[in-house]
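What follows is the residue order along each chain.
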Amino acid sequence: AMRALFSLLRRVAPTDVGVLLLGETGTGKEVAARCLHGLSERRAGPFVVVDCAALPRDLVESELFGHERGAFTGALEGRLGLAELADEGTLFLDEIGELPLDVQPRLLRLLERHEIRRVGGRHPRPVDIRVIAATNRDLAAEVDAGRFRRDLLYRLDVVRLVLPPLRERPEDLEPLVEHFNARLAGTGRQGRRSPFTGFTPEAWERLRAWPWPGNIRELFNVVQRAA
């Protein structure tokens, strides 16, 4: 499953088409997005992450598109939005299903016209960005429920990449553990190396039997705790 995903990543990365990353929490959607950016012609530009679930609802537009001085109470100076900060690079919209419905038309305008207008601003500003989105929600169901715009989904979901949960790829468990072991065994700030060398056969039995509801993030937590 991952080899097929890697093949798609390599084919899609050099293009500027919209990519929608789907998968459970902890499957590595941001890692895949960084891979797309790193394999693209935009790799020298910024990679800006927007956690749509963490944006304050009353400041979503300001955070994404910026604002002019005096645009609202407390706006003592103008500010660049995250979309402008991603100019000539990649804007990664994590948890896109959490984006408020009233902000979605402005994101659609960004995708269609490659321009933004700051809150309180009069004139649009051109931006050259690639947008990659990710979610663990069923966006088609969100559209049917009236919580997500259908036209926005079409713009984001040009290429869909699904990251399988760890429980469906048990053959990847060992190489992932080896990778995390190598990271944790590296020399620390004080020049000390971790004494951790790996798991016993009994521990491996438990690792293979576990369903990993938290996916790769949970696996790293377990390896880190063991180390």
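One can find the structure itself at the top, above this paragraph.
What you see is a predicted model; the values in this text were computed from it and never measured. (Residues numbered from 1 in each chain as written. Predicted model: local features only at pLDDT ≥ 70, side-chain atom pairs only at ≥ 80, totals over all residues. Heavy atoms only, no water.)

K.L.:
Where do I start with the overall build of the protein in this structure?
P.N.:
If you tally the helices and strands in the protein, you get 10 helices and 7 strands. Along the first, second and third principal axes, the C-alpha atoms of the protein reach 65 × 45 × 35 Å. For the protein, the proportion of contacts with a sequence separation of at least 24, taken over those separated by at least 6, is 72%. Roughly 13,000 Å² of accessible area belongs to the protein as shown, and the carbon and sulfur atoms make up 49% of that amount. (Helix = DSSP H or I, 4+ residues; strand = E, 2+ residues; numbered from the N terminus. Contact = heavy atoms within 4.5 Å. Areas by Shrake-Rupley, 256 points an atom, 1.4 Å probe, with all protein chains shown as cover.)

K.L.:
I keep staring at the pairing of strand β3 (residues 90-94) and nothing clicks. Help me out?
P.N.:
Every regular strand shows the same layout, with side chains that alternate between the two sheet faces. Counted residue by residue, β3 has 5 buried out of 5 residues, so it is predominantly covered. Residues Thr90, Phe92 and Asp94 line one face of β3 and the alternating positions Leu91 and Leu93 line the opposite face, and both faces are buried. Where strand β2 (residues 47-51) meets β3, 5 bridges bridge the pair, whose relative direction is parallel. Pairing of Val49 across the sheet is with Phe92, part of β3. With 4 bridges joining them, β3 and strand β6 (residues 130-135) adopt parallel strand pairing. Bridge pairing in β6 links Leu91 to Val131. (Buried < 20%, exposed > 50% of the residue type's maximum accessible area, 1.4 Å probe, protein only. Pairing = 2+ DSSP bridges.)

K.L.:
Is there a simple way to explain helix α8 (residues 173-184) in this structure?
P.N.:
One turn of the α-helix equals 3.6 residues, which is why residues spaced by three or four share an orientation. An ideal rise of 1.5 Å per residue puts 16 Å on 12 residues; α8 measures up with 16 Å between its terminal C-alpha atoms. Among all positions in α8, only Leu173, Leu176, Val177, Phe180 and Asn181 are buried. Across the axial projection of α8, the buried residues extend over an arc of 140 degrees, all falling on one side. Close packing links the buried residues of α8 with α9 (201-209) and α10 (215-226). (Expected span 1.5 Å × (residues − 1). Arc of directions from axis to C-beta.)

K.L.:
Would you mind going over the nonpolar core with me for this structure?
P.N.:
Across soluble globular proteins, nonpolar side chains show a tendency to be buried alongside one another. With 32 residues, the main nonpolar core has Leu64, Leu91, Leu93, Ile96 and Leu110 as its most contacted residues. Top element by residues in this core is helix α5 (residues 104-113). It accounts for 4 residues. Leu91 has contacts with Val48, Val50, Leu82, Ala83, Ala86, Leu110, Ile129, Arg130, Val131 and Ile132, leaving out every residue within four places of it along the chain. In this structure, Leu21, Ala33, Leu36 and Leu163 belong to the second largest nonpolar core, which totals 16 residues. (Core = buried A, V, L, I, M, F, W, Y, C linked by side-chain atoms within 4.5 Å.)

K.L.:
Would you take a moment to explain the packing of aromatic side chains for this structure?
P.N.:
The description of an aromatic ring pair uses the distance of the two centres, along with the angle that the planes make with each other. Scanning the model with the defined rule gives 3 aromatic pairs in all. Geometrically, the ring pair formed by Phe47 and Phe92 is stacked, given 6.1 Å between the ring centres and 20 degrees between the ring planes. Taken together, the residues span a long stretch of sequence, with Phe47 in strand β2 and Phe92 in strand β3 at a distance of 45 residues. Taken as a pair, Phe47 and Phe92 share a single burial class, namely buried. Taken together, a centroid distance of 6.0 Å and an interplanar angle of 80 degrees make the contact between Phe199 and Trp204 edge-to-face. Here the two residues Phe199 and Trp204 agree in accessibility, since each one is buried. (Phe/Tyr/Trp six-rings, centres within 6.5 Å; stacked < 30°, edge-to-face > 60°.)

K.L.:
Can you walk me through the pairing of β6 in this structure?
P.N.:
Among the 6 residues in β6, 6 count as buried, and that is most of the element. Along β6, one buried face is formed by Arg130, Ile132 and Ala134 and the opposite face, lined by Val131, Ala133 and Thr135, is buried too.

K.L.:
What is the right way to look at the sheet that holds β3 in this model?
P.N.:
Two pairing modes exist for strands in a sheet, parallel and antiparallel, and in both the strands are linked by backbone hydrogen bonds. With parallel pairing, the 5 strands of this open sheet are ordered in space as β2-β3-β6-β1-β7. Sheet topology places β2 and β7 (159-162) at the edges, where each strand pairs with a single neighbour. Strand-to-strand twist across the sheet, computed as the mean angle between neighbouring axes with direction ignored, equals 20 degrees. (Axes fitted to C-alpha atoms, helices over the stretch in contact; angles between N-to-C directions.)

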